[in-house]
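If you want the building blocks of each chain, they are given just below.
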Amino acid sequence: MIELIKEKNFMQLGDLPLQNGQVLRDAQLCYQVVGQANAARDNIALLPSYYGGTHWGNLPLLGAGSPLASGDYCVVLTSMLGAGWSSSPSTAGAGQGGADFPQIALVDNVEAQRRLLDALFGEWHLALVAGWSMGGMQAFAWAMAHPQRVARILPICATAQCWPHNRVFLDGVKAALCADAAWQQGRYQQPPVAGLRAFARVYAGWAYSQAFYRNGLYRELGFDTIEALLAYWEDDHLQQDANDLLCVLHAWQRAWLGDELAGTLGCIEARTLIMPGSSDLYFTVDDARHEASLIRGAELRVLQSDWGHCAGGPGRDPQAMTQIFAGMAHLLAS
């Protein structure tokens, strides 16, 4: 078993050309490596972070019961651009900070991660790219951008693109934040506290399912009441920068392939296992099933849980984690 500790390393990437034609100056990527690469550099598993989280949030995917805990894999965990630790509105230098931060896309994260892998390993091949939510979206993006360098992908509660209803959900939480007069189009002098609290409460209604609230499953998280859970969500979002939240949200929304969806997904060569959540309200089973039908040989396993989108959150629901680890073991054995 590998020993899990929290590390925060930074790779300086230089100037990073972005999908929209802008350039992110002096880009840096926050990451952690757990385990050792083999001589062939083909035992590397990449775990990109999810919305609102850092690479540390994926450490439970290496915990007890995980196929990645054996020590056979070199696991690279990365934090998304815009999310606070890697280059972000809250940390960027003069001229690109705050509201002036460039627009980031999923493929920009893939390119930053590719530069990281090149610097760490030279020649390499990814045995697996896996992730929850936006981490899963990045897994799809990797398989589409570098089909011959990715052996397997495991998107959990994620789709390759942001489907229309998903986009409307995001517009709702964004509107709640931006309605705060303190927001000032992202040029706030003090954090838009009321907007961040509203953002958190609206989001909490979407993150879990109706059954989660009806059956009091929040008690399994240590909260006696729904109000206590919502207060936790508020406190968590008050620790985050508003521009960072919206930067990553916009990257999520921009993941739209439209008429190119079938052709792009059809180019994926990676062995693909998609695990949508049975009660996920915005990365739906129907959307995931449609995408799976466009990927050669893709398998879809529905993650059975009343935890909504949060069922796929690393370490949150033990029963869901058992299903995720079983799916990962099946995929890695193929």
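What counts as what
- Residues numbered from 1 in each chain as written.
- Predicted model: local features only at pLDDT ≥ 70, side-chain atom pairs only at ≥ 80, totals over all residues.
- Heavy atoms only, no water.
- Core = buried A, V, L, I, M, F, W, Y, C linked by side-chain atoms within 4.5 Å.
- Buried < 20%, exposed > 50% of the residue type's maximum accessible area, 1.4 Å probe, protein only.
- Contact = heavy atoms within 4.5 Å.
- Salt bridge = Lys/Arg side-chain N within 4 Å of Asp/Glu carboxyl O.
- Helix = DSSP H or I, 4+ residues; strand = E, 2+ residues; numbered from the N terminus.
- Axes fitted to C-alpha atoms, helices over the stretch in contact; angles between N-to-C directions.
- Parallel < 35°, antiparallel > 145°, perpendicular 65-115°, else oblique.
- Left-handed = near helix turned anticlockwise from the far one by under 90°.
- Nonpolar A, V, L, I, M, F, W, Y, C, P; charged D, E, K, R; others polar.
- UniProt positions renumbered as here; feature names shortened; annotations may be inferred.
- Pairing = 2+ DSSP bridges.
- Phe/Tyr/Trp six-rings, centres within 6.5 Å; stacked < 30°, edge-to-face > 60°.
- Expected span 1.5 Å × (residues − 1).

Taking an unreviewed UniProt entry as the reference, the chain is identified by name as Homoserine O-acetyltransferase belonging to Pseudomonas cuatrocienegasensis.

J.: Any details on the nonpolar core? Residues and values, ideally.
T.: Of all hydrophobic cores here, the largest spans 111 residues; its most connected members are L68, Y203 and W252. For Y203, the contacting residues outside a window of four places in its chain are Y51, F169, V173, W233, W252 and Y282.

J.: Quick one: what's the story with the pattern of salt bridges, residue by residue and with numbers?
T.: Applying the stated criterion across every chain, the model contains nine salt bridges. The salt bridge partner of E111 is R114, with a shortest N-O separation of 2.7 Å. Residue E111 and its partner R114 are located together in helix α1 (residues 106-121), separated by three residues, close to a single helical turn. We classify E111 as partly exposed; its relative accessible area is 22%. Taken together, the shared-partner salt bridges in this structure form one network comprising E111, R114, R115 and D118.

J.: Summarise the packing of helix α4 (residues 193-207) against helix α6 (residues 226-238); cite the residues concerned and give the values.
T.: At a closest axis distance of 8 Å, the pairing of α4 and α6 adopts a crossing angle of 130 degrees. Comparing the axis directions of α4 and α6 gives the class oblique. The handedness of the crossing between α4 and α6 is right-handed. Only E227, L230, W233, E234, H237 and L238 of α6 make contact with α4, whose side of the interface consists of V193, L196, R197, F199, A200, R201, Y203, A204 and A207. Of the residues assigned to the contact of α4 with α6, the class counts are 10 nonpolar, one polar and four charged.

J.: Describe the UniProt feature "domain: AB hydrolase-1" (unreviewed entry) in the chain, naming the residues involved and giving the relevant values.
T.: This chain's UniProt record puts "domain: AB hydrolase-1" (unreviewed entry) on residues 65-311. Between the first and last C-alpha atoms of residues 65-311 the distance is 17 Å; the span itself is 41% helix and 9% strand.

J.: Provide a residue-level description of the environment of L16, including the pertinent values.
T.: Along the chain, L16 turns up in strand β1 (residues 9-17). Look at L16 and you get buried, because its relative accessible area is 0%. For L16 and A112, which are 96 residues apart along the polypeptide, the C-alpha to C-alpha distance reads 7.5 Å. Filtering out sequence-adjacent residues up to four positions away, L16 remains in contact with Q22, V23, L24, A27, L81, D108, E111, A112 and R115.

J.: Any details on the sheet that holds strand β6 (residues 152-156)? Residues and values, ideally.
T.: Reading across from one edge, β1-β2-β4-β3-β5-β6-β7-β8 is the order of the eight strands in this open sheet, with mixed pairing throughout. Two strands lie at the open edges of the sheet, namely β1 and β8 (299-300), each paired on one side alone. In this structure, strand β2 (residues 23-34) lies alongside strand β4 (residues 74-78), joined through four bridges in antiparallel fashion. Its bridge partner lying in β4, V34 is registered against V75.

J.: Could you give an account of the pairing of strand β3 (residues 44-48), with specific residues and numbers?
T.: When a strand is regular, its side chains alternate between the sheet's two faces. Burial analysis of β3 places five of its five residues in the buried class, which makes it a mostly covered element. Alternating residues of β3 divide into I44, L46 and P48 and A45 and L47, and every residue in both groups is buried. As paired elements, β3 and β4 share five bridges and run parallel to each other. What sits directly across from P48, in β4, is T78. The pairing of β3 with strand β5 (residues 126-132) spans three bridges and is classified as parallel. Along β5, the bridge assignment pairs I44 with L126.

J.: Lay out the packing of aromatic side chains in plain terms, naming residues and giving numbers.
T.: The tally for this structure, following the rule as stated, stands at 24 aromatic pairs. Each ring, one from Y208 and one from W233, has its centre 5.9 Å from the other, and the planes form 75 degrees; the classification is edge-to-face. Of this pair, Y208 sits in the loop between α4 and α5 (210-214) while W233 sits in helix α6; the two residues are 25 residues apart in sequence, bridging distant segments of the chain. Owing to a relative accessible area of 11%, W233 belongs among the buried residues under this scheme.

J.: Any details on α1? Residues and values, ideally.
T.: The terminal C-alpha atoms of α1 lie 22 Å apart, and with 16 residues this matches the ideal 22 Å at 1.5 Å per residue to within 8%. Among all positions of α1, only L106, D108, N109, V110, A112, Q113, L116, L117 and F121 are buried. Directly after α1, the chain includes G122, whose backbone phi takes a positive value near 75 degrees.

J.: So what about unusual backbone geometry? Which residues, and what values?
T.: The backbone phi angle of S133 is positive, close to 60 degrees, even though this residue is not glycine. Within the secondary structure, S133 sits in the loop between β5 and α2 (134-145). Looking at S133, the relative accessible area reads 3%, which means it is buried.

J.: Could you give an account of the pairing of β2, with specific residues and numbers?
T.: Note that β1 and β2 share seven bridges and pair antiparallel. By the bridge assignment for β2, F10 is matched with C30. Once β1 ends, the chain turns through five residues before running back antiparallel as β2, passing G21 with a positive phi of about 95 degrees.

J.: Please give an account of the side chain of Q96 that cites residues and values.
T.: Relative to the helices and strands, Q96 is located in the loop between β4 and α1. The buried category is assigned to Q96, whose relative accessible area is 7%. Other than its neighbours up to four places away in sequence, Q96 contacts V23, L24, R25, F101 and P102.

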